[in-house]
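Here's the letter readout for the chains.
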Amino acid sequence: MNNLKIMGEALPDMPWEERPAGYRHIMWRYSANPIIERDQLSTSNSIFNSAVVPFRKGKYNYAGVFRCDDTNIRMRLHVGFSVDGLNWDIAEEDVRFEGADPEVGTWVYGYDPRVVKLGDKYYVTWCNGYCGEPTIGIAWTTDFETFHQLENAFLPYNRNGVLFPRKIGDRYAMLSRPSDRGHTPFGDIYYSESPDLEFWGRHRLVMRPSQFEKSAWQCTKVGAGPVPIETSEGWLLIYHGVHQTCNGFNYSFGAALLDLEQPWKVLARTGAYLLAPTETYECMGDVPNVTFPCATLHDPATGRIAVYYGCADTVTGLAFGYIPEIIEFTKKTNIL
Ligand code: BMA
């Protein structure tokens, strides 16, 4: 794909390790995984399903919002900073959001954050407890110190709200996965638009689970993962897919290409997974057999991508790949 164009900020020093010699898969794991252990904070039971972005501040080059469940097993969000994207200084105190109508701003719980740079602000979306039910919270920051909370995007029940990194047709755009109050035995990805990040509508279906016979790892539910990456071949969306085994849900991830101006139109979608739980730290933990991607860093010039993913709802791992190879693989194993 000689003419492939990848959008985004240059990140020549992003975390990176070459594919191990002879390794045949499209994505490979960082050799020192997991990069964040479960008990890195004095109060943490687990740190996983977390989001990072390039952000310069003092000695730091990256910032992130981390899902830290504490030892009461309360789901909390904490800010972290990193020099190299691998070693993270995560605040002991959890994030306090400011400015929302107390009706939605009263903290209940928060988990599975995503972070996107849109204009000169960084927006956090997360699964936000509203009256005890899951929906999508939104807040913005410019310094990763003060976070200004907006209205929840949707009615409960919803999870996996992921903003696009630019407006599409003059409107903000978000993917989400309507759900239920529990461990949701279904999951489709929807697209919604907003003129102001407060009122959301024009909802469109993007993707349903696959047919079992075609691609079983994603036949129970699918949900958007990291912020989509704009390329000349379409938006590259890494998404999680779930199937049910006799031991419960199993979470793997794959990729899809979405139309640039009408992202609810899927151009191609991987039949084979990019990464599935196979390592001990992905298969053993609070929830076994989960690889759950929430963020990427990428460098447009080299095509390198690093995927941050939660492992077994316990620790955080990193996997690497090349965007041109992932796009080629998506087309080659396309199930549409
Ligand atoms: C989903 C979310 C994720 C979690 C996954 C596997 O419904 O709760 O936070 O990683 O289940 O337990």
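As the structure is a computational prediction, the values presented were derived from the model and not from experiment.

### Regarding the overall build of the protein chain
Part 1: Within the protein chain, the regular secondary structure consists of three helices and 22 strands.
Part 2: Radius of gyration (C-alpha) of the protein chain: 18 Å, near the 20 Å computed for a compact globule of 336 residues.
Part 3: Buried positions account for 59% of the 336 residues belonging to the protein chain.
Part 4: For the protein chain, contacts bridging at least 24 residues in sequence account for 54% of all contacts bridging at least 6.
Part 5: When the accessible surface of the protein chain is summed, it comes to about 13,800 Å², and 50% of that surface belongs to carbon and sulfur atoms.
Part 6: Distance from the positive charge centre (31 side chains) to the negative charge centre (40 side chains) of the protein chain: 6 Å.

### Considering the side chain of aspartate 112
Part 1: Structurally, the position occupied by aspartate 112 is in strand β7 (residues 110-118).
Part 2: A distance of 3.1 Å separates the side chain of aspartate 112 from the side chain of asparagine 49, its partner in a polar contact.
Part 3: Look past the residues within four positions of aspartate 112 in its chain and what remains in contact with it is Asn49, Arg67, Thr125, Trp126, Cys127 and Phe292.

### Focus: the packing of aromatic side chains
Part 1: One pass over the structure, following the stated rule, counts 25 aromatic pairs.
Part 2: With centroids separated by 6.1 Å and ring planes inclined at 20 degrees, the aromatic side chains of phenylalanine 97 and tryptophan 107 adopt a geometry described as stacked. Of the two residues, phenylalanine 97 is situated in strand β6 (residues 97-98) and tryptophan 107 in the loop between α1 (102-105) and β7; the sequence distance between them amounts to 10 residues.
Part 3: With relative accessibility at 14%, the residue phenylalanine 97 sits in the buried group.
Part 4: Linked through ring pairs, Phe55, Tyr60, Phe81, Phe97, Trp107, Tyr122, Trp126, Phe144 and Phe147 together constitute an aromatic cluster.
Part 5: Residue placement shows lysine 121 over the ring face of tryptophan 140; its charged tip is 4.2 Å from the ring centre.

### Some remarks on helix α3 (residues 323-332)
Part 1: Within α3, burial applies to Ile323, Ile326, Ile327, Phe329 and Thr330. End-on view of α3: buried residues confined to an arc of 160 degrees, all on one side of the axis.

### Re the nonpolar core
Part 1: Ranked by internal contacts, the top residues of the largest apolar core, which has 41 residues, are Trp88 and Phe144.
Part 2: Going through the elements one at a time, β2 (44-57), β3 (60-70), β4 (75-82), β8 (121-130), β20 (291-299), β21 (304-311) and β22 (315-322) are the ones with two or more residues in this core.
Part 3: Ranked by residues supplied to this core, first place goes to β3 with six residues.
Part 4: Sequence-distant contacts of phenylalanine 144, defined by excluding residues within four places in its chain, comprise Val53, Phe55, Ala63, Val65, Val79, Phe81, Val115 and Tyr122.
Part 5: Listed in part, the 31 residues of the second largest apolar core include Ile138, Ala153, Met207 and Val222.

### A few points about the confidence of the model for the protein chain
Part 1: Confidence in the prediction of the protein chain, expressed as mean pLDDT, is 97, and 100% of residues score 70 or more.
Part 2: Mean pLDDT per element in the protein chain: α1 is the minimum at 93, and β21 is the maximum at 99.

### A short note on the site of the ligand
Part 1: Around the ligand, the structure places Asn49, Arg67, Tyr111, Asp112, Tyr251, Val287, Val290, Phe292 and Asp313.
Part 2: Contact distances for the ligand include 2.9 Å between an oxygen atom and a side-chain N or O atom of asparagine 49.
Part 3: A distance of 2.8 Å separates an oxygen atom of the ligand from a polar atom in the side chain of arginine 67.
Part 4: Starting from 300 Å² of accessible surface for the ligand in isolation, the protein chains cover 88%.

### What to know about unusual backbone geometry
Part 1: Of note, the bond from asparagine 33 into proline 34 is cis; its omega dihedral lies within 30 degrees of zero at -10 degrees.
Part 2: In this structure, proline 34 sits in the loop between β1 (28-29) and β2.
Part 3: The linkage connecting proline 156 with the following residue, tyrosine 157, adopts the cis geometry, with an omega of 10 degrees.
Part 4: Along the chain, tyrosine 157 falls in the loop between β10 (147-149) and β11 (158-163).
Part 5: Backbone geometry at aspartate 313 places phi at a positive 50 degrees, although glycine is not the residue there.
Part 6: Relative to the elements of secondary structure, aspartate 313 occurs in the loop between β21 and β22.
Part 7: Taking the relative accessible area as the measure of exposure, aspartate 313 reaches 18% and is therefore buried.

### Some remarks on the side chain of arginine 159
Part 1: Counting through the fold element by element, arginine 159 comes out in strand β11.
Part 2: Although buried, arginine 159 forms no salt bridge, and the nearest oppositely charged side chain, aspartate 180, lies 4.5 Å from it.
Part 3: Engagement of the side chain of arginine 159 in a polar contact is seen with the side chain of tyrosine 111, the distance being 2.7 Å.
Part 4: In terms of polar contacts, arginine 159 uses its side chain to reach the side chain of threonine 184, at 2.9 Å.
Part 5: If sequence neighbours within four positions are ignored, arginine 159 has contacts with Tyr111, Cys127, Pro134, Ile136, Ser176, Arg177, Ser179, Asp180, Arg181, Gly182 and Thr184.

What counts, and where the lines are drawn
Residues numbered from 1 in each chain as written. Predicted model: local features only at pLDDT ≥ 70, side-chain atom pairs only at ≥ 80, totals over all residues. Heavy atoms only, no water. Helix = DSSP H or I, 4+ residues; strand = E, 2+ residues; numbered from the N terminus. Rg over C-alpha atoms; globule rule 2.2 N^0.38 Å. Buried < 20%, exposed > 50% of the residue type's maximum accessible area, 1.4 Å probe, protein only. Contact = heavy atoms within 4.5 Å. Areas by Shrake-Rupley, 256 points an atom, 1.4 Å probe, with all protein chains shown as cover. Lys, Arg positive; Asp, Glu negative; His and termini not counted. Charge placed at Lys NZ, Arg CZ, Asp CG, Glu CD. Polar contact = N/O pair within 3.5 Å; in protein donor to acceptor, adjacent residues only side chain to side chain. Phe/Tyr/Trp six-rings, centres within 6.5 Å; stacked < 30°, edge-to-face > 60°. Lys NZ or Arg CZ within 6 Å of the ring centre and 35° of its normal. Arc of directions from axis to C-beta. Core = buried A, V, L, I, M, F, W, Y, C linked by side-chain atoms within 4.5 Å. pLDDT = per-residue confidence, 0-100. Near = heavy atom within 4 Å. Salt bridge = Lys/Arg side-chain N within 4 Å of Asp/Glu carboxyl O.

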